[in-house]
Number of protein chains: 2
Amino acid sequence: MTAYERELHLNVNILDAGKHPGAWRFQDDPRWFLDIDYFSTIARLAERGTFDAVFLSDGVALLSEPAEKPWQALEPTVLLAALARETEHVGLIGTASTTFNDPFNLARRFASLDHLSRGRAALNVVTSYSPRAAANFGLDVVPDHDARYARAEEFVDVLTGLWDSWDDDAITGKRDAVAFMDPAGVRPIHHRGEHFAVRGPLNVPRSPQGRPVLVQAGSSEVGKRFAARVAEVVFTAQTTHGAAQAFYADMKNRARAFGRDPGHLVVLPGLFPVVGSTEAEAWARKDALDELFPFDLELPRLAAQLGLDPADLPLDRELPYDLLGDAGQFTGSRGFLEATVNLARERGYTVRELLLSNGGGHRQVVGSPEQVVDSIEHWFHSRAADGFNLNFDVFPSGLETFVEHVIPELRRRGLFRSAYTGRTLRDHLGLPRPPRR
Amino acid sequence: MTAYERELHLNVNILDAGKHPGAWRFQDDPRWFLDIDYFSTIARLAERGTFDAVFLSDGVALLSEPAEKPWQALEPTVLLAALARETEHVGLIGTASTTFNDPFNLARRFASLDHLSRGRAALNVVTSYSPRAAANFGLDVVPDHDARYARAEEFVDVLTGLWDSWDDDAITGKRDAVAFMDPAGVRPIHHRGEHFAVRGPLNVPRSPQGRPVLVQAGSSEVGKRFAARVAEVVFTAQTTHGAAQAFYADMKNRARAFGRDPGHLVVLPGLFPVVGSTEAEAWARKDALDELFPFDLELPRLAAQLGLDPADLPLDRELPYDLLGDAGQFTGSRGFLEATVNLARERGYTVRELLLSNGGGHRQVVGSPEQVVDSIEHWFHSRAADGFNLNFDVFPSGLETFVEHVIPELRRRGLFRSAYTGRTLRDHLGLPRPPRR
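Residues numbered from 1 in each chain as written. Chains lettered and ligands numbered in written order. Predicted model: local features only at pLDDT ≥ 70, side-chain atom pairs only at ≥ 80, totals over all residues. Heavy atoms only, no water.

Draft legend 1. Seen up close, the overall build of chain A. The secondary structure content of chain A amounts to 14 helices and 11 strands. Relative to the compact-globule value of 22 Å for 437 residues, chain A shows a C-alpha radius of gyration of 22 Å, a close match. Taken along the three principal axes of its C-alpha coordinates, chain A extends 75 × 50 × 45 Å. Split into buried and exposed, the 437 residues of chain A put 64% on the buried side. Counting only contacts in chain A whose residues sit at least 6 apart along the sequence, the fraction spanning at least 24 positions is 77%. Accessible surface, chain A as shown: approximately 15,700 Å² in total, 49% of it carbon and sulfur. A distance of 6 Å separates the average location of the 48 positive side-chain charges in chain A from that of its 59 negative side-chain charges. (Helix = DSSP H or I, 4+ residues; strand = E, 2+ residues; numbered from the N terminus. Rg over C-alpha atoms; globule rule 2.2 N^0.38 Å. Buried < 20%, exposed > 50% of the residue type's maximum accessible area, 1.4 Å probe, protein only. Contact = heavy atoms within 4.5 Å. Areas by Shrake-Rupley, 256 points an atom, 1.4 Å probe, with all protein chains shown as cover. Lys, Arg positive; Asp, Glu negative; His and termini not counted. Charge placed at Lys NZ, Arg CZ, Asp CG, Glu CD.)

The following block contains the structure:
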């Protein structure tokens, strides 16, 4: 299928109206983010492009006050279940917080989604660092980083236990049994840990993929160890090739150290392509979008991402590197912090240039289809990535252009599948179906 | 539309393979209860019959050990979201426990479902009394009845607050705003109560119905007061006409006492019709099903429902009425207990006759389409019901027969709509869209 031993993997990150902060202005319907048809169009395009999966990030609070449009309003499992009926092949990755969920309920929803989609569900586990989220769940302060990860580790162990609480062949089809099943194939898990006591079994039989695919995006030491132990896909923010290669090698080595096949830990940096039929046309598209760039909103956001005050960031000066604090004290996403600082340093960007170039923390590539494919091929070939979690400037046009012009070029070079060869998301990702533990 | 001032309301209870405990034997695929196409067929039939809604009950544990098939495996919000894409009109009622959920997450999922379905979502609130469920959520014992209801009351207040945390017109469509919205139309709820501290606002704008429809099924004094205060639909188990009329009048009076329009509290007893083209054919169908009746499984279930030991229930004797304990001590569903005992007493049934006739706690009517419609009309006309939550013996055939033969007769008599006249579930149920509180 491909010219390489490895296979390239591509997701569509269905983020908002698109990754460009002015993207919402291109939506005709002001309620687009509540409209199933909007998401359905994107998911069908993703399937036409034989993407591995669509991905929904998530949060459980509004990010700002006074309120802005929620960045993901519709709850991911519910939205993905609807999209499961709009598509047949594309994987469905939903994000959920281990800090603000309960393992039994979450295990059940993702197992249900895996059944409904006939084996296309994945769970992207996040630990949530927003104090606003904590305040929606009875907590005055958000638990600290290590406490959240300790809970996440145990949470995932409970999920795995529950997903494995039924034998694959517990449903026997024998008509003299109780509803065709063998009761001996179902067992409680009797989990009693620091954070959870869960008896089990799950009230959902083992799902088509055995377990939904586990995705994680930790960038801290604790987060990377967690991902290397349990994740099957790792999302990461990488803006520079050297840092991406180092991260890639590190994660594969860490997986090996846990006795895992490093091929079963798929490393997917974010990528934000802006495509035109020529490089000049791509830049024309980018420049037109940037005229709508809301510096007044995005500067405070960048400041928060860096743990700084907006006043520390004059638009036409470089980043105040001396003010960038100790990462150990930082409460936001380390991955985005590092990716942003790496890019600014490597290119010597001013704050204004940085805002227009860092794709909200993900690598931005502006160019022709050939140039975008060159970049993808370079990173893939040089083991800086197994593929990419793709952001698009504006939905659906950015994705449409990619499917019509970039995907064919990827296929022409033998880099990407021209049709789905498997049925489940595990098939697409080259991940084995796990035996019951 | 109808010959009555009131409108008849009918739901399809998508329970298992059908209400008859032998129904699963008629399913060809042993994994039918995990197959979206099975549910989709039922939902489409319901829509063909212009039913108000389909209804999914729920529980968060297996009911027995050794394990039996889960009575509702796929999580309702996820399953209903998929069904929302299979249908256009029929309402989607999902059950969720206020004891084992968190109000922010649940408010969000049901608001999302209401958006995805364009105004067809309803939440059936239950408090859960299963110790097996408690053990899946870190509790060694299930909280007692009054404690569960106290939490449920506060839970629903938080839900309502969150659903109302956005103005209907917060999305303005103005292009100079942040994603077309007016931040002043979104406000925190700052709830701090006995059980929950929830800041809000919800990260989902107000949904098409304003709020999803609230359904409840309490039968205890506390449960009835709760339903009369907040529910818009009340499900109830009623096997005898007198008790049903009394319950109906009581609920309407209670609603009035809360200053509510009693027409906005829709009372729907369960009903279990077994239909044939003649009465004899209906009985032939019923008798054939009853040959598969699993007395060995259903007797212990009846005993548990009555708070008795199976040894107390010889099959060919009447119920041991003197052993039926004080309802105050009883931990199961009071509604099912009372409905079952009422039926046994009124008819002088033996345990065997009771098992074959009480439809698992819901009134069973065996007959021709005309006879079934007579019974529906009688109960509706005499204000024992505003309609029914219908159970079918075997899916899909029981529902198919009903849609093909009973629904036309209901329409012929002017009792039931022949087409949907509204767009939302509130429209179907004659419920107003609530203004923001």
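Draft legend 2. Highlighting the packing of helix 3 (residues 103-116) of chain A against helix 2 (residues 76-84) of chain B. Viewed as axis vectors pointing N to C, helix 3 of chain A and helix 2 of chain B meet at an angle of 30°, and their least axial separation amounts to 9 Å. When the axes of helix 3 of chain A and helix 2 of chain B are compared, the pair comes out roughly parallel. Crossing of helix 3 of chain A against helix 2 of chain B: the hand is right-handed. Seen from helix 3 of chain A, the contacting residues are R108, R109, S112, L113 and L116 of chain A; seen from helix 2 of chain B, they are P76, T77, V78, L79 and A82 of chain B. Per-class residue counts for the contact of helix 3 of chain A with helix 2 of chain B are six nonpolar, two polar and two charged. (Axes fitted to C-alpha atoms, helices over the stretch in contact; angles between N-to-C directions. Parallel < 35°, antiparallel > 145°, perpendicular 65-115°, else oblique. Left-handed = near helix turned anticlockwise from the far one by under 90°. Nonpolar A, V, L, I, M, F, W, Y, C, P; charged D, E, K, R; others polar.)

Draft legend 3. Seen up close, the interface of chain B and chain A. Residue-level contacts link 82 residues of chain B with 82 residues of chain A. Across the chain B/chain A interface, buried area totals approximately 6,600 Å², and carbon plus sulfur atoms make up 58% of it. Inspection of the chain B/chain A interface yields 12 salt bridges. For R85 of chain B, the salt bridge goes to D37 of chain A, with nearest N and O atoms at 3.2 Å. Linking chain B with chain A are 34 residue pairs in polar contact (both at pLDDT 80 or more). With eight residues, helix 3 (residues 103-116) of chain B is the single largest residue contributor to the side of chain B that touches chain A. Looking at the side of chain B that touches chain A residue by residue, the class counts come to 43 nonpolar, 14 polar and 25 charged. (Buried area = accessible area lost by both parts, 1.4 Å probe. Salt bridge = Lys/Arg side-chain N within 4 Å of Asp/Glu carboxyl O. Polar contact = N/O pair within 3.5 Å; in protein donor to acceptor, adjacent residues only side chain to side chain.)

Draft legend 4. How the structure looks around the UniProt feature "binding site: FMN" (unreviewed entry) in chain A. Residues and elements named next belong to chain A. The positions that UniProt labels "binding site: FMN" (unreviewed entry) are, in the present scheme, D58, T95, H145, Y149, S219 and S220. Leave out the neighbours within four places in its chain, and T95 touches F55, L56, S57, D58, P76, N124 and V126. Here the side chain of T95 touches L56 through a polar contact of 2.7 Å, landing on its backbone oxygen. One can find Y149 in helix 5 (residues 145-163). (UniProt positions renumbered as here; feature names shortened; annotations may be inferred.)

Draft legend 5. Highlighting the pairing of strand 2 (residues 53-56) of chain A. Residue and element names in this part refer to chain A. Both faces of strand 2 are covered, namely the face carrying A53 and F55 and the face carrying V54 and L56. The pairing of strand 1 (residues 9-13) with strand 2 spans three bridges and is parallel. The residue of strand 2 that forms the bridge with N11 is A53. The β-α-β motif built from strand 2, the intervening helix 2 (residues 76-84) and the parallel element strand 3 (residues 91-97) has right-handed crossover chirality. (Pairing = 2+ DSSP bridges. Right-handed = clockwise from strand over helix to strand, strands pointing away.)

Draft legend 6. Here's a closer look at the environment of D312 of chain B. All names here are of chain B. When you line up the elements, D312 lands in the loop between helix 9 (295-306) and helix 10 (334-347). D312 sits in the partly exposed class, given a relative accessible area of 28%. Once you skip the residues sitting within four places of it in the chain, D312 turns out to touch P320 and L323.

Draft legend 7. The arrangement of the side chain of N124 of chain B in detail. Residue and element names in this part refer to chain B. Within the element layout of this structure, N124 appears in strand 4 (residues 121-126). You can call N124 buried: its relative accessible area is 4%. Not counting the four nearest positions on each side in its chain, N124 is found in contact with F55, I93, G94, T95, A96, V215, Q216, A217 and F235.

Draft legend 8. How the structure looks around the relation of the copies chain B and chain A. Mapping chain B onto chain A is achieved by rotating through 180° and translating by 0.0 Å along the same axis, at an RMSD of 0.0 Å. Accordingly, the operation relating the two chain copies is best matched by a two-fold axis. Among all residues of chain B, the one whose C-alpha sits closest to the rotation axis is A82 of chain B, at a distance of 2.2 Å. Of the interface residues in chain B, 100% have counterparts in chain A that sit at the interface too, so the contact is made through matching surfaces. (Least-squares fit on C-alpha atoms with pLDDT ≥ 70 in both.)

Draft legend 9. Region of the structure containing the environment of G348 of chain A. Residues and elements named next belong to chain A. Along the chain, G348 turns up in the loop between helix 10 (334-347) and helix 11 (351-357). Taking the C-alpha atoms as reference, G348 lies 47 Å from N105; in sequence the two are 243 residues apart. What G348 contacts, discounting residues up to four positions off in sequence, is E318 and E353.

Draft legend 10. Layout of unusual backbone geometry. With omega at -5°, the peptide bond leading from F395 of chain A into P396 of chain A counts as cis. Along the polypeptide, P396 of chain A turns up in the loop between strand 11 (387-390) and helix 13 (397-412). At the junction of G200 of chain B and P201 of chain B, the peptide bond is cis and its omega measures out at -5° in the coordinates. With a phi close to 55°, R118 of chain A is a non-glycine residue in the positive phi region. Take R118 of chain A: it is sitting in the loop between helix 3 and strand 4 (121-126). Residue classification places R118 of chain A among the partly exposed positions, given a relative accessible area of 34%. A positive phi angle, close to 50°, is found at A179 of chain A, a residue other than glycine. The class for A179 of chain A is buried, based on a relative accessible area of 5%.

Draft legend 11. Looking closely at the packing of helix 6 (residues 221-230) of chain A against helix 7 (residues 241-257) of chain A. Residue and element names in this part refer to chain A. Running from N to C, helix 6 and helix 7 point in directions that differ by 55°, and their axes come no closer than 8 Å. Relative to helix 7, the element helix 6 is oriented oblique. As for the relative orientation of helix 6 and helix 7, their crossing is right-handed in sense. In this structure, helix 6 uses E221, K224, R225, A227 and A228 to contact helix 7, whose residues at the interface are F247, D250, M251, R254 and A255. Of the residues that constitute the contact of helix 6 with helix 7, the class distribution is five nonpolar, no polar and five charged.

Draft legend 12. Up close: helix 3 of chain B. Residue and element names in this part refer to chain B. Here helix 3 spans 20 Å end to end across 14 residues, near enough to the 20 Å set by a 1.5 Å rise per residue. Most of helix 3 sits inside the fold, with 14 of its 14 residues counted as buried. Its side-chain oxygen at 3.1 Å from the backbone nitrogen of F104, D102 defines the N-terminal cap of helix 3. The positive-phi residue at the C-terminal boundary of helix 3 is R118, with phi of around 60°. (Expected span 1.5 Å × (residues − 1).)

Draft legend 13. Fine view of the packing of aromatic side chains. According to the stated counting rule, one finds 32 aromatic pairs over all chains in the structure shown. With a centroid separation of 5.2 Å and an interplanar angle of 70°, the aromatic rings of W32 of chain A and F33 of chain A are classed as edge-to-face. Taken individually, W32 of chain A and F33 of chain A each receive the classification buried, so the pair is uniform in this respect. Aromatic ring contacts, followed pair by pair, group W24, W32, F33, Y38 and F39 of chain A together with F180 of chain B into a single cluster. When the ring centre of F295 of chain A is taken as reference, the NZ or CZ atom of R352 of chain A above it lies at 5.4 Å. Stacked on the ring of W379 of chain A, the Lys or Arg R363 of chain A has its end atom at 3.6 Å from the ring centre. (Phe/Tyr/Trp six-rings, centres within 6.5 Å; stacked < 30°, edge-to-face > 60°. Lys NZ or Arg CZ within 6 Å of the ring centre and 35° of its normal.)

Draft legend 14. Structural detail: the pairing of strand 8 (residues 233-236) of chain A. Residues and elements named next belong to chain A. Across the two faces of strand 8 the burial is the same, with V233 and F235 and V234 and T236 all buried. Strand direction decides the pairing type here: strand 7 (residues 213-216) and strand 8, joined by two bridges, are parallel. Across the sheet, Q216 pairs through a bridge with V234, a residue of strand 8. On the question of chirality, the crossover connecting strand 7 to the parallel strand 8 by way of helix 6 is right-handed. Strand direction decides the pairing type here: strand 8 and strand 9 (residues 266-275), joined by four bridges, are parallel. Bridging across to strand 9, V234 finds its partner in V267.

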